[in-house]
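Secondary and tertiary structure notes
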Amino acid sequence: MKIRISKKTKRIFVVYLAILVILYIVIYQIPKVTDAFETTQVLENGTLEVSCETTGYLVKEEAVCTADKTGKISYSLDSGTVVKKGTDISSIEPAGAGKQSKAEISEKYKEDLRKLRKYDMLIEGNTSPISGVFSTSMDGNERYFSISNLDNITKEKTENRNFDTLELDRTEVTKGEPIFKISSDENWYIVCWVEKSDAKKYDLGEKVRITLPDSTVDAKVYSKNREGEFYKMVFYLNVYYDKFSSARRLDITVVQSNTAGLIVDNECIVRKNGVEGVYVKTKDDDTYFMPIKVKTTDGKQSVIYESIFINDDYEQVETVSVYQEVLRNPQEALENDMKNGREGN
């Protein structure tokens, strides 16, 4: 059975579709076109959160303890327990004299022990040599990622290292084998490498937040040094992190505290005679250059000072105010200034 639709119904349907199309254009497309042709931006107060994602490596003071005899081992604490210096961690029931003399260190521990040769925190014994977090795992990087070696850590060396974790919890040990680790959580660091555009977002001593896989911790920018095409960033921490003792290499996000000020699109910013600034549009459609000082930027927008800022010569400089209009693409205005001899700021 065929259903016939009247001409009137068809017209209503067509009109309905046309209305939907018009509404779509008005709501979604016209604002985009309008923004594309907008020649100015009105400065308004706001906040900007600047962050960068990278791989971070935990640097800490860690003591690796080895068995003082061959035999059966038992642990008195659970891994992850915070202990004080001198705490009894394990005890070993010695094997017979014959087994003591013939026992050899297992092959699976030899490589990590080789990496820790001449490490002054490779200590024989069953008690904690330092205060910190007790764990029954190691990765052989305890010496390389020690605080005393912080300045010698490089991007190339780090990326070529093995980060496999070796579990130490067992029932029998041989003299000289690693049996547990203590990681001091009083002062520790995270080192990472970022591009120049990200490095310049952060100032020495600045407080930041670092987002880790399972937590967010407070930190401070400790150092920032160029290393080839990248910048080596070091962050200082003295806060608790649940997976501190077992973690080494982590995906992190370094977040600046929200910075408040006037928000300006970076396309509005131009440099004139070495001075960063914007072109302000007057009610008479005239324009003039006004110096600015950027507090922070995410690459697309910047937070700038309002009314007055202090320049590098410790002088007060008059700058833009809220609700002023600035040109989005000021290159033409800059060229006209230079042609007309208006080279002053």
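We now turn to the structure provided with this report. (Residues numbered from 1 in each chain as written. Predicted model: local features only at pLDDT ≥ 70, side-chain atom pairs only at ≥ 80, totals over all residues. Heavy atoms only, no water.)

To continue, consider the sheet that holds strand E12 (residues 172-173). Pairing between the strands of a sheet comes from backbone hydrogen bonds, and it takes one of two forms, parallel or antiparallel. What the three strands build is an open sheet, ordered E7-E5-E12; its pairing is antiparallel. Two strands close off the open sheet at either side, each with one partner strand: strand E7 (90-94) and E12. The sheet contact formed by strand E5 (residues 71-75) and E12 spans two bridges and is antiparallel. By the bridge assignment for E12, glycine 71 is matched with valine 173. (Pairing = 2+ DSSP bridges. Helix = DSSP H or I, 4+ residues; strand = E, 2+ residues; numbered from the N terminus.)

What the five strands build is an open sheet, ordered E6-E9-E13-E4-E8; its pairing is mixed. Of all the strands in the sheet, the pair left with one neighbour each is strand E6 (82-83) and strand E8 (122-124). Summarising the sheet, E6 and strand E9 (residues 132-135) pair through two bridges and their orientation is antiparallel. Across the sheet, residue valine 83 finds its bridge partner in E9, namely glycine 132.

Think of a pair of aromatic rings as described by two things: how far the centres are apart, and how the planes are tilted against each other in angle. Enumeration according to the criterion identifies 11 aromatic pairs in this entry. One residue, lysine 60, lies across the ring of phenylalanine 244, its end atom 4.8 Å from the ring centre. Positioned above the aromatic ring of tyrosine 305 is the side chain of lysine 295, whose terminal nitrogen or guanidinium carbon lies 4.8 Å from the ring centre. (Phe/Tyr/Trp six-rings, centres within 6.5 Å; stacked < 30°, edge-to-face > 60°. Lys NZ or Arg CZ within 6 Å of the ring centre and 35° of its normal.)

Now for a nonpolar patch on the surface. Together, Val15, Tyr16, Leu17, Ile19, Leu20 and Leu23 make up a nonpolar patch on the protein surface, roughly 550 Å² of accessible area in all. Turning to its location among the elements, leucine 17 is positioned in helix H1 (residues 7-37). Leucine 17 gets classed as partly exposed once you look at its relative accessible area, which sits at 40%. (Patch = residues over 30% accessible without salt bridge, like charges linked within 9 Å, V, L, I, M, F, W, Y side chains within 5 Å. Areas by Shrake-Rupley, 256 points an atom, 1.4 Å probe, with all protein chains shown as cover. Salt bridge = Lys/Arg side-chain N within 4 Å of Asp/Glu carboxyl O. Buried < 20%, exposed > 50% of the residue type's maximum accessible area, 1.4 Å probe, protein only.)

On to the layout of surface pockets. Approximately 500 Å³ is the volume attributed to the largest pocket. Along the wall of the largest pocket there are 18 residues; nearest its centre are Lys200, Lys201, Val294, Thr296 and Thr297. Tallying contributions element by element places strand E23 (residues 294-297) first for the lining of the largest pocket, with four residues. Of the residues contributing to the lining of the largest pocket, the split by class is two nonpolar, eight polar and eight charged. (1 Å grid on protein atoms, 1.4 Å probe; cavity = no way out; pocket = protein on both sides within 12 Å on 5 of 7 lines; lining within 4 Å. Points joined across faces, edges and corners; volume = space filled by probe spheres on them. Nonpolar A, V, L, I, M, F, W, Y, C, P; charged D, E, K, R; others polar.)

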